[in-house]
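Examining the three-dimensional arrangement
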Amino acid sequence: MKIYTKSGDAGETGLFGGGRVAKDDVRVDAYGEVDELNATLGLVRSFEGPTDVDALLHRLQDQLFTVGAVLATPEDTKASAHIPELKAEWAEDMERAIDGFEAELSPMTHFILPGGTQAASALHLARTVCRRAERRTVPLLREGKIPKAVVVYLNRLSDLLFVLARVVNHRAGVEDVKWIPAKPSR
């Protein structure tokens, strides 16, 4: 099977379950952002951080593939019955992970800038991609085209990625990059 089909050369793509939409359709944009997020997590994992963080990121990548499949499949199609379901406990698992990782960290006293180790910097990048993916899913939620669990998942994931960036820096002995606002000039 060839990787290229030429079926998208006119600016349209097929949704899972049938139907064609423009490549800039809000649904395509949303699952494209989730795909970018998944790729960004793959980049993070290439920096070989702590094994518990890597295992968690691998699990999140698997879950994100399901999120992308949900976004790529309109609910009113036969194919939607074959898509794995987003589980509410995924967000709950992330909350427990956040709580556990935060126990390792000192309380924040400043806003922090993305930075530190390569892995932490990449996690901050993943967090921003996650926030963009979340923003792209909100119109679909508002139109009733996706389950609320998608937005909840992405919202919790961005929080987890922020905490993971801090943990990776902490475990490497690297301080968070504190934001120190410039004093206004007079």
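Residues numbered from 1 in each chain as written. Predicted model: local features only at pLDDT ≥ 70, side-chain atom pairs only at ≥ 80, totals over all residues. Heavy atoms only, no water.

You'll find the protein chain entered in an unreviewed UniProt entry as Corrinoid adenosyltransferase, with Corallococcus macrosporus DSM 14697 given as the organism. The heading Subcellular location (unreviewed entry) in the UniProt record of the protein chain holds the text "Cytoplasm". (UniProt positions renumbered as here; feature names shortened; annotations may be inferred.)

Observations concerning the overall build of the protein chain
Along its length, the protein chain carries 5 helices and 4 strands. Counting every position in the protein chain, which comprises 186 residues, the buried fraction comes to 41%. A fraction of 72% describes how many contacts in the protein chain between residues 6 or more apart in sequence connect residues 24 or more apart. If you sum the accessible surface of the protein chain, you get close to 10,800 Å²; carbon and sulfur atoms cover 54% of it. (Helix = DSSP H or I, 4+ residues; strand = E, 2+ residues; numbered from the N terminus. Buried < 20%, exposed > 50% of the residue type's maximum accessible area, 1.4 Å probe, protein only. Contact = heavy atoms within 4.5 Å. Areas by Shrake-Rupley, 256 points an atom, 1.4 Å probe, with all protein chains shown as cover.)

Focus: helix H4 (residues 118-142)
Relative to the 36 Å expected for 25 residues at 1.5 Å per residue, H4 spans 37 Å between its end C-alpha atoms, a close match to the ideal helical length. Directly beyond the C-terminal end of H4, a positive phi value near 75° is found at Gly144. (Expected span 1.5 Å × (residues − 1).)

Looking at the nonpolar core
Counting 46 residues, the largest nonpolar core has Leu37, Tyr153, Leu157, Leu160 and Leu161 as its most contacted members. Sorting the residues of this core by element identifies helix H1 (26-46), helix H2 (51-72), helix H3 (88-102), H4 and helix H5 (148-171) as the ones contributing at least two each. Top contributing element to this core by residue count: H5, with 12 residues. When residues no more than four places from it in sequence are discounted, the contact partners of Leu160 are Leu56, Leu60, Met94, Ala97, Ile98 and Phe101. (Core = buried A, V, L, I, M, F, W, Y, C linked by side-chain atoms within 4.5 Å.)

Let's talk about unusual backbone geometry
Even without a glycine there, the phi angle at Glu48 is positive, about 50°. Inspection of the secondary structure puts Glu48 in the loop between H1 and H2. Judged by its relative accessible area of 71%, Glu48 falls in the exposed class.

Some thoughts on the pattern of salt bridges
Any two side chains of opposite charge can pair, so long as their charged atoms come close to each other. One pass over the full model with this rule turns up 13 salt bridges. Linking Arg45 and Asp54 is a salt bridge whose minimum nitrogen-to-oxygen distance equals 2.8 Å. For Asp54, a relative accessible area of 26% puts it in the partly exposed group. Taking the shortest distance from any N to any O, the salt bridge between Asp176 and Arg166 comes out at 2.7 Å. You can see Asp176 sitting in the loop between H5 and strand S4 (177-178) and its partner Arg166 sitting in helix H5, a full 10 residues away along the chain. We note that Asp176, like Arg166, is buried. Here the residues in one salt-bridge network are Asp29, Glu33, Glu36, Arg132 and Arg136, joined through shared partners. (Salt bridge = Lys/Arg side-chain N within 4 Å of Asp/Glu carboxyl O.)

As for the confidence of the model for the protein chain
Averaged over all residues, the pLDDT of the protein chain equals 87, while 83% of them reach at least 70. Averaged pLDDT values for the elements of the protein chain fall to 55 in strand S2 (residues 20-22) and rise to 97 in H5. (pLDDT = per-residue confidence, 0-100.)

What about the side chain of Ser158?
Within the secondary structure, Ser158 sits in helix H5. Of note is the side chain of Ser158, whose polar atom sits 2.9 Å from the backbone oxygen of Asn155. If near-sequence neighbours (up to four positions away) are discounted, Ser158 is found in contact with Arg127, Cys130, Arg131 and Glu134. (Polar contact = N/O pair within 3.5 Å; in protein donor to acceptor, adjacent residues only side chain to side chain.)

Comments concerning the packing of aromatic side chains
One pass over the full model with this rule turns up 2 aromatic pairs. An angle of 70° between the planes, with centres 6.0 Å apart, marks the rings of Trp90 and Tyr153 as edge-to-face. Taken together, the residues span a long stretch of sequence, with Trp90 in helix H3 and Tyr153 in helix H5 at a distance of 63 residues. Accessibility assignment for this pair places Trp90 and Tyr153 in one class, buried. The interplanar angle of 65° and the centroid separation of 6.0 Å between the aromatic rings of Phe111 and Trp179 together place this pair among those described as edge-to-face. Residue Phe111 is located in the loop between H3 and strand S3 (112-113), and its partner Trp179 is located in the segment after S4; the two are separated by 68 residues in the primary sequence. (Phe/Tyr/Trp six-rings, centres within 6.5 Å; stacked < 30°, edge-to-face > 60°.)

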